[in-house]
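Below, each chain spelled out in residue letters.
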Number of protein chains: 2
Amino acid sequence: MNIHNLVRELREPGKSKIVLLVADGLGGLPMEAGGKTELETAATPNLDAAARDGITGLSIPVLPGITPGSGPGHLGLFGYDPLEYRIGRGILEALGINFPVGSSDVAIRGNFCTLGTDGKISDRRAGRPTNEKNKAAVERLRTIRVPGVELFVEPVKEHRFVLVIRGEGLGDGVNDTDPQAVGVVPLKAEGKDAAGTKTAEVVNKFVAEATKVLAPEAPVNGVTLRGFATYPKIAKFEEVYGLKAAAIAVYPMYKGLARLVGMDILDPGVTLQGQIDTMTKVWKDYDFFFMHYKYTDSTGEDGNFPAKVQMIEKLDEVVPAIRALKPDVFIVTGDHSTPSKMKSHSWHPVPTLLVSDVCRTDEVTHFNERSCLRGGLGQFQAMHLMLLAMANAGRLGKYGA
Amino acid sequence: MNIHNLVRELREPGKSKIVLLVADGLGGLPMEAGGKTELETAATPNLDAAARDGITGLSIPVLPGITPGSGPGHLGLFGYDPLEYRIGRGILEALGINFPVGSSDVAIRGNFCTLGTDGKISDRRAGRPTNEKNKAAVERLRTIRVPGVELFVEPVKEHRFVLVIRGEGLGDGVNDTDPQAVGVVPLKAEGKDAAGTKTAEVVNKFVAEATKVLAPEAPVNGVTLRGFATYPKIAKFEEVYGLKAAAIAVYPMYKGLARLVGMDILDPGVTLQGQIDTMTKVWKDYDFFFMHYKYTDSTGEDGNFPAKVQMIEKLDEVVPAIRALKPDVFIVTGDHSTPSKMKSHSWHPVPTLLVSDVCRTDEVTHFNERSCLRGGLGQFQAMHLMLLAMANAGRLGKYGA
């Protein structure tokens, strides 16, 4: 049975409030055999207190051994089966720069390249232009018009930009025009179906115009496009759970993922304190608060073990302020692990804690990988966490009589 | 989503090597309440060291409470959903005698029986003939020809043989001709569809001829057939995982199961040392090594607790030789439990260990049922083990961006 249908059937109205604090890439590894993980190394008195008050476990983001990107990692935590809902590359790029993708959009990742006089690609990244040069080239692309559709071109950085085509009847069944090689001309876009063909026609016109308008910008004088993606058909969070949800995130990608499921996107500035202040300010207005903390992931990606430890400790410091708001359900987890040792996302299950009045506390008194292994939530699939959140919030009725 | 498609999408090339050591029927039970299992009784310093260096858990072969045969047990370990891929009885019989079943074959388990002058079965096992008598009868069956197909008849033992029909358009939708009773005539084969009907026609001709040619061999003068099975449509291991795989097994059944998924079948002789020598010799040539050890199962099936303990200890002795090859991922598990107390396969989860550089070691220092219960792999489905193997081998990329 589809879990969302089950929730729609069983959910009950309530006044209870749920906080989902996502420390990106939270889980880790020891740097050497016999050592401690980042979380085991960090002094986390407040997270430990929450673990003591609550129930703990390890979240499996997708399946054992499967390392998720940010998209599937967060969808799982929001209660969407990450193997069922896939978010295309183009959409993620657009989300990542905070572009408000709509339901009739096709989003595409664009690369500036250098074309020779023969039209062949001589540099797939156009000499990695500065961000200023990128913006200048994007401004030129913005002058392009294709009848019947709206075009949006947004800079990302260096050679990367996002193209969004808005119009009726567009599809994402289109090949990448990036041949992934130099010494050849960019590929023509071709549709795999009627909707894809409509997109391909727009794209080919756009690319032809791009070559003209970019000429003065050489070596940034061509474009390749890939990752064609329509807005995913995805149920809205509030429609499924009956929770009015606020996203309190700093980075565009996570705002974008929250917007994708229909959460309200608040603007907390760029500090943890700003996030806490925002949550406090809107506490009365929402049922569900998704707070995202990036730095446990970015330090892990950097392979900087001491920095990740420090970022965990910084997060720990704001836990009392969140708990002081008295959420009925307080959850701390991550969308995946990012061990400093691996300098990348990984598949390792993620330490998770949940505090509520009815959570059946376990004997775990420290919040880390090793302790959570003995926790009462066991090892569970991330996409089931929202069921636990709803149940602990008193918002899920009995199934069957 | 189909797991194999996910693996095909995410897998990355590599030079890492994976060893999957399967101790058949590894898990056990204490003989009496409060006692120790076979694995808990055995002295296993080398497996314990591997458990200490690695991560442990318990593998659920199919589903809780489901006892697998060798086929589903191994398919799960190879990463095939044992509830999706079913291998017919006839195919397993053929694999068990090392017959190279092909994709246009129907394999059938045959029993010799004794027919009275009225054509009715008087002994369903033909007085359990000696293996010599079996072979003589098989030789007579081999003289039978049916136009349009090739027939292969192979002795198994006592009253059992295998019939393989090779030809185009054959199906396995055919009823057993064995009425499972005496005092009645064998049933006519009837097809349940066009392909089954073609097989049934061949079979009825074969059975009629068999009665003629076997007459001099009375009481081995009739045959019944059951377990009609075509070669299963099953993806090849290398095609799914991108791993060049070698099977280092002594017993035909396990060679056969490995051949079914396309592994190379090596001939290590009949000793553990022969298996180690073979693995060492071909170490450079393969990415994945499936090594099968039978005696933990056969001693369990015999209900011989001390012998199973001894066989576990014998296996433990060769673990250092395998680890000396420095596999990137070293896994020890079983295809199911075979408790001496039950003298049979069982559903009990199977102790499992995995050693790699990035395996997130747990606190388990002994390799047995009780210890592995506290392991970092938790209780997991056997068919997910290959995902973990691939991830730990650095051969699975990120899912989604």
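Residues numbered from 1 in each chain as written. Chains lettered and ligands numbered in written order. Predicted model: local features only at pLDDT ≥ 70, side-chain atom pairs only at ≥ 80, totals over all residues.

J.: Would you explain the environment of Gly196 of chain B in this entry?
T.: Residues and elements named next belong to chain B. Structurally, Gly196 can be placed in helix α7 (residues 194–213). The exposure class assigned to Gly196 is buried, which follows from the 22 C-beta atoms found within 10 Å. Taking C-alpha positions, Gly196 is 4.5 Å from Gly173, a pair spaced 23 residues apart along the chain. With sequence-adjacent residues up to four places away left out, Gly196 is seen in contact with Gly171, Asp172, Gly173, Val174 and Gly191. (Helix = DSSP H or I, 4+ residues; strand = E, 2+ residues; numbered from the N terminus. Buried ≥ 20, exposed ≤ 12 C-beta atoms within 10 Å, placed from the backbone. Contact = placed C-beta atoms within 7 Å.)

J.: Looking at this model, I keep getting lost on the sheet that holds strand β11 (residues 329–333) of chain B. Mind explaining?
T.: In any sheet, the strands associate via hydrogen bonds between backbone groups, in a parallel or an antiparallel arrangement. Residue and element names in this part refer to chain B. Taken in spatial order, the eight strands make up an open sheet running β9-β8-β10-β1-β11-β12-β2-β13, and their pairing is mixed. Each edge of the open sheet is held by one strand with a lone partner, namely β9 (264–265) and β13 (378–381). Note: strand β2 (residues 55–60) against β13, four bridges, orientation parallel. Within the sheet, the bridge partner assigned to Leu58 lies in β13 and is Gln379. Together, β1 (18–23), β2, β11 and β12 (350–355) form the strand contacts of helix α14 (residues 385–392), whose direction differs from that of β11 by roughly 160°. (Pairing = 2+ DSSP bridges. Axes fitted to C-alpha atoms, helices over the stretch in contact; angles between N-to-C directions.)

J.: Just to check I follow, could you spell out the sheet that holds strand β13 (residues 378–381) of chain A for this structure?
T.: Residue and element names in this part refer to chain A. As summarised here, the arrangement of the eight strands in space is β9-β8-β10-β1-β11-β12-β2-β13, forming an open sheet in which the pairing is mixed. The sheet terminates laterally at β9 (264–265) and β13, the two strands that pair on one side only. Its contacts with the sheet place helix α14 (residues 385–392) against β1 (18–23), β2 (55–60), β11 (329–333) and β12 (350–355), and it is angled at close to 160° to β11.

J.: Help me understand the relation of the copies chain B and chain A in this model?
T.: Both copies of the chain are tied together by a single rotation about an axis and a shift running along it. With an RMSD of 0.3 Å, chain B superimposes on chain A once it is rotated by 125° and translated 0.1 Å along the axis. Between the two chains, the operation in question is that of a three-fold axis. Of the interface residues in chain B, just 5% have counterparts in chain A that sit at the interface too, so the contact is made through distinct surfaces. (Least-squares fit on C-alpha atoms with pLDDT ≥ 70 in both.)

J.: How do you make sense of the confidence of the model for chain A when you look at a structure like this?
T.: A low pLDDT means the predicted coordinates there should not be read in detail. Confidence in the prediction for chain A averages 96 pLDDT; 100% of positions are at 70 or higher. Two numbers describe this predicted complex: its pTM, 0.91, and its ipTM, 0.89. (pLDDT = per-residue confidence, 0-100.)

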